[in-house]
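Working through the structure, step by step
For reference, the chains in residue letters:
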Amino acid sequence: MTQKHDNLIAGEWIAGTGYTPNINPSNLGDVIGEYTQASAEQLDAAVQAARTAFPAWSVSSIQARADALDKIGTEILARREELGTLLAREEGKTKAEGIGEAARAGNIFKFFAGECLRLTGEVVPSVRPGIGVEITREPVGVVGIVTPWNFPMAIPAWKIAPALAYGNCVVMKPADLVPGCAWALAEIISRSGIPAGVFNLVMGRGSVIGDPLVNHPGVDAISFTGSQAVGAHIAQQCAVKLKKVQLEMGGKNPQVILDDADLAQAVELSVQSAFFSTGQRCTASSRLIVTDGIYSKFVEAIKSRMATLKVGDALAAGIDIGPVSSLSQLEQDLSYVDIGQKEGAVLLAGGQRLKLSTDGFFMAPALLTDTTADMRINREEVFGPVASIIRVKGYEEALFEANNTPFGLAAGVATTSLKYATHFKRHSQAGMVMVNLPTAGVDYHVPFGGRKGSSYGPREQGRYAQEFYTVVKTAYTLA
């Protein structure tokens, strides 16, 4: 009999309106557990619990906050193999990637445990004699957190940890495709010493509890990671209510390969950027922009490298790429391969659903050549193991095409030229730029975010997180 998992509201585990099975995308016969569905009334109860807890938590001891976050991080790191296995089983990343993500989540909590003790302000003189001025930061209030399915442990961690560190209370709604990691994280948080109501977990459909969370008058700010369409909708709703909002949305990231690039290095970082984690990363490079001089050699080399990639059960040893996370996502991936070919692209490798020893959502990574920048395959985010190659004459055209997108999250360049590397870092219209590195892979202690249609609002992660999770106060005192 599968285990049932409830919502966490005001420190209590509470059943919702029913339970939904959580299915392993590597093996559709494997039910990970059953997870409850919150009602709109339970969402309201969670917000009220957070509001009740906020006055005390917002002025609580920074040492108590630091101790609680450190305890959470310590337990996650101690259980990273178990949690990483759950992640791989639930989302479809390989077990190695899942363990890596769990470790990252633990380190994020550890980092923000330290940030609790590094809160700073300013004392400045007034232009008027005999007056002192203090500039401090205070918590925003109750923060609604809405997380995606592709990083079910790291993204919740990098939202929850700073929210708690700076004295906010949290109501979290995870993607309904991956409730298992969210529940496991909530269970760890519930035993950390944080008072009841400071952190609340409500699981369920966005259509039932998503809009009520965003629009709830008791919620002061919303942090969302997901699609551009939903993000734009949330931004509009928050603007009407004058709520603080932070959005991380899509990407159509370029990986530029210049004539002088180290070929082996360029191929490896392109394969990792485009296909690892089944291409289900907002930082994945789905547009490979290759200059004339290296084009033929690069195409042959990446085709050969792709032939060695092993697709299979995320928990199996020696697997490079796990399944697509859901049937609907798989169908979308396959449809874009078909769209690309209808537009005139050539399918060089992969692009078909695979039948393996277990019934799962497996797909051979797809690479399309002979594409042009105006094709849908190069304009719209696929969010799967699908990449296309755009051939350009030289660096100037490569830079133009790299920036020729409504998105601006990440961008990469493979080159041995300091001149081109320096120029690309300055002129790439992206929030994060990688030189001779995969675009997928960022540190937890530095800011994460993009430009244009990829991000809106303050950056996530690192010390820059305080820009969203705190408000600035200026206080004057007559001496």
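Residues numbered from 1 in each chain as written. Predicted model: local features only at pLDDT ≥ 70, side-chain atom pairs only at ≥ 80, totals over all residues. Heavy atoms only, no water.

1. A word on the packing of helix 1 (residues 40-58) against helix 7 (residues 206-215)
Taken N-terminus to C-terminus, the directions of helix 1 and helix 7 make an angle of 35°; their axes are 9 Å apart at the nearest point. Helix 7 is crossed by helix 1, and the crossing has right-handed handedness. Across the interface between the two elements, A40, L43 and V47 from helix 1 touch V208, I209, P212 and L213 from helix 7. Looking at the contact of helix 1 with helix 7 residue by residue, the class counts come to 7 nonpolar, no polar and no charged. (Axes fitted to C-alpha atoms, helices over the stretch in contact; angles between N-to-C directions. Helix = DSSP H or I, 4+ residues; strand = E, 2+ residues; numbered from the N terminus. Left-handed = near helix turned anticlockwise from the far one by under 90°. Contact = heavy atoms within 4.5 Å. Nonpolar A, V, L, I, M, F, W, Y, C, P; charged D, E, K, R; others polar.)

2. Points about the packing of aromatic side chains
In the structure shown here, the tally under the stated rule is 7 aromatic pairs. What links up through ring pairs into an aromatic cluster is the set F111, F112 and Y166. Just above the ring of Y19 sits the side chain of K4; from NZ or CZ to the centre is 5.4 Å. The positively charged end of K93 is found above the aromatic ring belonging to F151, 3.9 Å away from the centroid. (Phe/Tyr/Trp six-rings, centres within 6.5 Å; stacked < 30°, edge-to-face > 60°. Lys NZ or Arg CZ within 6 Å of the ring centre and 35° of its normal.)

3. Focus: a nonpolar patch on the surface
Together, I62, L117 and L119 give the surface a local cluster of nonpolar side chains, amounting to about 250 Å² of exposed area. The topology assignment puts I62 in helix 2 (residues 62-78). Judged by its relative accessible area of 37%, I62 falls in the partly exposed class. (Patch = residues over 30% accessible without salt bridge, like charges linked within 9 Å, V, L, I, M, F, W, Y side chains within 5 Å. Areas by Shrake-Rupley, 256 points an atom, 1.4 Å probe, with all protein chains shown as cover. Salt bridge = Lys/Arg side-chain N within 4 Å of Asp/Glu carboxyl O. Buried < 20%, exposed > 50% of the residue type's maximum accessible area, 1.4 Å probe, protein only.)

4. Focus: helix 12 (residues 395-403)
Of all the positions in helix 12, only Y395, A398, L399, E401, A402 and N403 are classed as buried. Contacts from the buried residues of helix 12 go to strand 13 (253-257), strand 14 (285-291), strand 17 (386-392), helix 13 (418-427) and strand 21 (451-452).

5. Regarding the sheet that holds strand 17
In spatial order, the strands read 15-16-17-14-13-19-20; together these 7 strands make up an open sheet with mixed pairing. Only two strands of the sheet have a single neighbouring strand rather than two, namely strand 15 (346-349) and strand 20 (432-435). Direction aside, the axes of adjacent strands within the sheet are offset by 25° on average. Alignment of strand 16 (residues 366-371) against strand 17, held across 4 bridges, turns out to be parallel. Looking at strand 17, one finds that L367 is bridged to A387. (Pairing = 2+ DSSP bridges.)

6. As for the side chain of E91
In this fold, E91 is placed in helix 3 (residues 80-91). Residue E91 is classed as buried on the basis of its relative accessible area, which comes to 1%. In this structure the side chain of E91 is engaged in a polar contact, spanning 3.4 Å, whose partner is the side chain of Q280. Discounting residues that sit within four places of it in the chain, E91 has contacts with P25, W149, N150, P152, V178, Q280 and S325. (Polar contact = N/O pair within 3.5 Å; in protein donor to acceptor, adjacent residues only side chain to side chain.)

7. Details of the nonpolar core
Among the nonpolar cores identified, the biggest contains 89 residues, and L69, F109, F112, I160, V171, F199 and L201 are the most heavily contacted of them. Ranked by residue count, the leading element in this core is helix 5 (residues 154-165), at 9 residues. Setting aside residues up to four positions removed in sequence, I160 forms contacts with F109, I145, M172, L185, I189 and F199. Membership of the second largest hydrophobic core comes to 26 residues, among which are M306, I321, L367 and I389. (Core = buried A, V, L, I, M, F, W, Y, C linked by side-chain atoms within 4.5 Å.)

8. Observations concerning the sheet that holds strand 7 (residues 131-139)
Neighbouring strands of a sheet are bound in pairs by backbone hydrogen bonds; such pairs are parallel or else antiparallel. With antiparallel pairing, 3 strands are arranged side by side in an open sheet as 6-7-23. Whereas interior strands pair on both sides, the edge strands pair on one side only; in this sheet they are strand 6 (122-125) and strand 23 (470-478). Each adjacent strand pair in this sheet contributes to an overall mean axis angle of 25°, direction not counted. For strand 7 and strand 23, the ladder comprises 9 bridges, and the chain directions are antiparallel. Note that in strand 23 the partner of G132 across the bridge is T477.

9. Some words on the environment of A56
If you trace the backbone, A56 turns up in helix 1. Overall, A56 belongs to the exposed group, its relative accessible area being 55%. Along the backbone, A56 and S223 are 167 residues apart, and their C-alpha atoms lie at a distance of 23 Å.

10. Some words on unusual backbone geometry
We note that L242 has phi near 55°; this positive angle belongs to a residue other than glycine. One can find L242 in the loop between helix 8 (228-241) and strand 12 (244-248). Even without being a glycine, Q461 presents a positive backbone phi close to 70°. Position of Q461 among the secondary structure elements: in the loop between strand 22 (455-456) and helix 14 (466-469). Residue classification places Q461 among the buried positions, given a relative accessible area of 0%.

11. A short note on the state of the cysteines
Tallied over the entire structure, the rule returns 0 disulfides. We note that C169 lacks a disulfide partner, and the nearest cysteine sulfur, in C116, lies 13 Å from it. What makes C169 buried here is its relative accessible area of 0%. (Disulfide = S-S within 2.5 Å.)

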